[in-house]
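Remarks on the overall topology
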Amino acid sequence: MKRKGVLLILLALLSAVLCAADMGSSAIIVYFSATGNTEKVAEELSALTGAESIAVRPDDTYSREDLNYRDGNSRTSEENADASARPAILPMEKNPEDYDAVFVGFPIWFGDMPKVLYTFFDSYDFSGHTIHPFCTSGSSSISRAVEHIMEMEPEAEVTDGRRIATDDISGELQDWLESIQ
Ligand SMILES: Cc1cc2nc3c(=O)[nH]c(=O)nc-3n(C[C@H](O)[C@H](O)[C@H](O)COP(=O)(O)O)c2cc1C
């Protein structure tokens, strides 16, 4: 009888340790932002979750002319037209592969994620990790980008993702976080 009691206490202790380990499962926020909108969302997400946010930085930053999507010859238009374009990115401050959950934020360009995100996903293997994509945009949805992330990270769990409207960042993020918990 006494032995059974000790066993039960040990089992309770073990389950407490396993629970604590699970709560400690880690998350990081990775984002690219050319004009600051996605960065604001990433900062708010960091405040809400306590996860650190780190930027994907292109080696060659995008100038105002580069960002002119109305000009078919601009850098972004040309990158968009080239399926193999992989603009170089600077080394990341942290290795995102060290985290269980990776929030990845970006602006929508031409209905998709910018090509620097393709470079990012080419650079890391998120097999067995969870990716939570989020974006900002004029109006376009995140769905095409999410499909491409799934293709590039077939062994990751990629959640539906969320476009965050910038007029109520905190409210939108809270709603999204509740839905993915
Ligand atoms: C090159 C380029 C292409 C864009 N294409 C789209 C688009 O297809 N659909 C859309 O809704 N918004 C589009 N936008 C608007 C951006 O998604 C939006 O302004 C976003 O919030 C910018 O985020 P950032 O400030 O973090 O760079 C585009 C902007 C740029 C610069």
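Data block above holds the structure.
**Comments concerning the site of the ligand**
- Lining the immediate surroundings of the ligand are 19 residues, of which S33, T35, T38, T136 and S140 lie closest.
- Taking T136, its side chain carries an N or O atom lying 2.7 Å from an oxygen atom of the ligand.
- Bound to the protein, the ligand loses 85% of the 650 Å² it would expose on its own.
- At a threshold of 2 Å from the grid points, most atoms of the ligand map onto the largest pocket.
- Of the residues assigned to the shell around the ligand, the class counts are 7 nonpolar, 12 polar and no charged.

**A short note on the nonpolar core**
- Of all hydrophobic cores here, the largest spans 30 residues; its most connected members are F106, L117, F120 and F121.
- Where this core is concerned, the elements lending two or more residues are β1 (27-31), β3 (101-107), α4 (115-123), β4 (130-136) and α5 (143-152).
- Considering each element in turn, this core owes the most residues, 5 residues, to α4.
- Core analysis: the second largest hydrophobic core is formed by 14 residues, I164, I169, L173 and L177 among them.

**Section: the packing of aromatic side chains**
- This structure, assessed with the given rule, holds 10 aromatic pairs.
- Of the aromatic side chains, those joined through ring pairs into one cluster are F120, F121, Y124 and F126.
- R75 extends its terminal NZ or CZ atom over the ring of Y62, reaching a point 3.7 Å from the ring centre.
- Above the face of the Y118 ring, K115 is positioned so that its terminal group lies 5.4 Å from the ring centre.

**With respect to the pairing of β4**
- Most of β4 is tucked away, with 7 of its 7 residues classed as buried.
- Strand direction decides the pairing type here: β3 and β4, joined by 7 bridges, are parallel. Residue V102 lies in a different strand from β4, and its bridge partner there is I131.
- The parallel pair β3 and β4, bridged by α4, forms a crossover whose chirality is right-handed.
- Alignment of β4 against strand β5 (residues 157-158), held across 2 bridges, turns out to be parallel. Across the sheet, the residue bridging to I131 is V158, located in β5.

**Examining the pairing of strand β2 (residues 52-55)**
- Of the strand pairs in this sheet, β1 and β2 are connected by 4 bridges, and their pairing is parallel. Residue I29 lies in a different strand from β2, and its bridge partner there is S53.
- A crossover connection joins β1 to the parallel β2 through helix α2 (residues 37-49); in handedness this β-α-β unit is right-handed.

**Some points on the layout of surface pockets**
- In this structure, the largest pocket encloses a volume near 510 Å³.
- Taken together, 22 residues line the largest pocket, and the ones lying closest to its centre are T35, Y69, P107, I108 and W109.
- Considered class by class, the residues forming the lining of the largest pocket number 7 nonpolar, 14 polar and 1 charged.
- Space inside the second largest pocket adds up to approximately 270 Å³.
- Looking at the second largest pocket, it is lined by 13 residues, and the ones nearest its centre are A101, F103, H132, I180 and Q181.
- Among the secondary structure elements, those contributing two or more residues to the lining of the second largest pocket are α2, β3, β4 and α6 (169-180).
- Among the residues making up the lining of the second largest pocket, the classes are represented as 6 nonpolar, 6 polar and 1 charged.

What counts, and at which threshold
- Residues numbered from 1 in each chain as written.
- Predicted model: local features only at pLDDT ≥ 70, side-chain atom pairs only at ≥ 80, totals over all residues.
- Heavy atoms only, no water.
- Near = heavy atom within 4 Å.
- Polar contact = N/O pair within 3.5 Å; in protein donor to acceptor, adjacent residues only side chain to side chain.
- Areas by Shrake-Rupley, 256 points an atom, 1.4 Å probe, with all protein chains shown as cover.
- 1 Å grid on protein atoms, 1.4 Å probe; cavity = no way out; pocket = protein on both sides within 12 Å on 5 of 7 lines; lining within 4 Å.
- Sits in = over half its atoms within 2 Å of the grid points.
- Nonpolar A, V, L, I, M, F, W, Y, C, P; charged D, E, K, R; others polar.
- Core = buried A, V, L, I, M, F, W, Y, C linked by side-chain atoms within 4.5 Å.
- Buried < 20%, exposed > 50% of the residue type's maximum accessible area, 1.4 Å probe, protein only.
- Helix = DSSP H or I, 4+ residues; strand = E, 2+ residues; numbered from the N terminus.
- Phe/Tyr/Trp six-rings, centres within 6.5 Å; stacked < 30°, edge-to-face > 60°.
- Lys NZ or Arg CZ within 6 Å of the ring centre and 35° of its normal.
- Pairing = 2+ DSSP bridges.
- Right-handed = clockwise from strand over helix to strand, strands pointing away.
- Points joined across faces, edges and corners; volume = space filled by probe spheres on them.

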